[in-house]
Amino acid sequence: MNDVYDVAVIGLGPAGATLARLLSKDLKVIVFHKKSGEPESPEISENKSFRKPCGGLLAPDAQKLLSRFGLSLPKSILVDPQIFSVRTIDIKSKLIRFYQRFYMNMDRERFDNWLISLIPKSVEISNKSIVKSIEKTGGNWKIYYTQNGESKQISSKYIIGADGANSIVRRAVFPNQKIRTYLSIQQWFKNEDSEPFYSSIFDSGITDCYAWGLSKDDYFIFGGAFKLKNARKSFGKLKQKIEPFGFDLTQPVRTEACMVLRPSNPFQFCTAKDNAFLIGEAAGFISPSSLEGISYAMQSAYLLSKVFTGKSRKNLERQYKKATRKIRIKLIFKMFKCPFLYSPFLRKIIMRSGLKSIKNIITA
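What counts and what doesn't
- Residues numbered from 1 in each chain as written.
- Predicted model: local features only at pLDDT ≥ 70, side-chain atom pairs only at ≥ 80, totals over all residues.
- Heavy atoms only, no water.
- Helix = DSSP H or I, 4+ residues; strand = E, 2+ residues; numbered from the N terminus.
- Rg over C-alpha atoms; globule rule 2.2 N^0.38 Å.
- Buried < 20%, exposed > 50% of the residue type's maximum accessible area, 1.4 Å probe, protein only.
- Contact = heavy atoms within 4.5 Å.
- Core = buried A, V, L, I, M, F, W, Y, C linked by side-chain atoms within 4.5 Å.
- Phe/Tyr/Trp six-rings, centres within 6.5 Å; stacked < 30°, edge-to-face > 60°.
- Pairing = 2+ DSSP bridges.
- Axes fitted to C-alpha atoms, helices over the stretch in contact; angles between N-to-C directions.

**Q** How would you explain the overall build of the protein chain if you had to name every residue and give the values?
**A** Looking only at helices and strands, the protein chain features 9 helices and 17 strands. The C-alpha atoms of the protein chain give 21 Å as radius of gyration, which agrees with the globular expectation for 364 residues (21 Å, within 12%). With the C-alpha coordinates of the protein chain rotated into their principal frame, the extents come out at 70 × 40 × 40 Å. A buried classification covers 50% of the 364 residues belonging to the protein chain. Residue pairs at least 24 apart in sequence account for 71% of intrachain contacts in the protein chain once pairs closer than 6 positions are excluded.

Right, here's the structure in full:
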């Protein structure tokens, strides 16, 4: 079997689902999705299905994009509680501050499935499919994949990498463009009685990134991003160090892990080459300060869809790179912001000053 498509999209997270929804119906499009396409059981437990270790907070930029798309978030996607501040903890200095934030607390799995449900029927979705390799032959991209264990292949004029940190498209097209990579690990804990909250946690002795704690319905999520070497050991150490701050992390009911990118210079962004395009985290479009990536995933997908549906099909790679200029500039500014968050000395000064923090007032 060797079907030929106009566009092949690898990955069906927020980036791939948004692009598939917005591409012209005149294009023959196939999307590769490694999951079954069926919703999972709402019960949180250890099983073999992959769930991205994401806190599931929808940032204001992502909310704004949904508004621009004319989309309203279904109530079924939201979870309790909706929290309006983040408790920031510096373990070494033992400083705690509260900062106002405007995230929406949601179920990430339901959010992704909702985006997939909006894809038009004209797009072919290949569920339970794992792309094994890609190669450029005869002007087209040949994609080798397995579906339910059966080996298959298709050809496509254009290939889109929407497959996240470990993108097979990025590795094939930009093999020498390295980027900082961490292992994101998070665990779920049954937590029905404790007071809900959202925390960001810093301990430069364990990770030069950060960790998070978040209430979600009757569960509490604790996770963090760690350098690949000894990442799980570092996660265990951080769990021990954070327990005196009121965290009960003794009985996890689920553990999730995946790689996450953290760009550190402008040359690590990769957009397009040889009729291959990268969107979302695969392109390096993820905040180096907060690791927020949903807004950049949807925005880059939207921009690429505009390029594909434009009047000119000449120099599409150049058009897309130009279209994503604002994304890259915004992320560069966030790189400059990182030292103020992640330098222990500067963070300590800022937290002690109380700059932009809010007081947690409790009334009788």
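Additional details are given in the paragraphs that follow.
**Q** Now, about the nonpolar core: what can you tell me, with residues and values included?
**A** Ranked by internal contacts, the top residues of the largest apolar core, which has 67 residues, are Phe111 and Phe308. When residues in this core are grouped by element, the largest group, 9 residues, is from helix H6 (residues 294-308). Phe111 has contacts with Pro14, Leu58, Leu66, Leu73, Ile77, Met106, Ile294 and Met298, leaving out every residue within four places of it along the chain. Trp188, Phe202, Leu214 and Ala225 belong to the second-largest nonpolar core, a separate cluster that totals 25 residues.

**Q** Could you give an account of helix H3 (residues 108-117), with specific residues and numbers?
**A** With 7 of 10 residues buried, H3 lies mostly within the body of the structure. Looking at H3, one finds that the buried residues are Arg108, Glu109, Phe111, Asp112, Trp114, Leu115 and Ile116. On the buried face of H3, the contacting elements are helix H1 (14-22), strand E3 (57-58), helix H2 (60-68), strand E7 (124-126) and H6.

**Q** Break down the packing of aromatic side chains for me, with residues and values.
**A** According to the stated counting rule, one finds 17 aromatic pairs in the structure shown. For the pair Phe111 and Trp114, a centre-to-centre distance of 6.0 Å together with 45 degrees between the ring planes defines the contact as tilted. Note that Phe111 and Trp114 are positioned in helix H3 at a spacing of 3 residues, about one turn of the helix. Under the relative-accessibility criterion, Phe111 is labelled buried at 0%. Classification of Trp114 as buried rests on a relative accessible area of 13%. Measuring from centroid to centroid gives 5.4 Å for Phe277 and Phe308, while their planes differ by 65 degrees, and the two rings are edge-to-face. With Phe277 in strand E17 (residues 276-278) and Phe308 in helix H6, this pair connects stretches of sequence that are 31 residues apart. Each member of the pair Phe277 and Phe308 is classed as buried.

**Q** Would you mind going over the sheet that holds strand E13 (residues 211-216) in detail, with residue names and values included?
**A** Across the sheet, 7 strands lie side by side as E5-E4-E12-E13-E14-E11-E15; this open sheet has mixed pairing. Taken across any chain shown, the strands that pair with only one partner, and hence form the sheet edges, are strand E5 (95-100) and strand E15 (252-261). Direction aside, neighbouring strands of the sheet carry axes that sit 20 degrees apart on average. Where strand E12 (residues 198-202) and E13 come together, 4 bridges link them in antiparallel fashion. The residue of E13 that forms the bridge with Ser200 is Trp212. Across the sheet, helix H5 (residues 231-242) lies against strand E4 (85-90), strand E11 (181-190), E12, E13, strand E14 (219-227) and E15, angled at about 130 degrees from E14, the strand it touches most.

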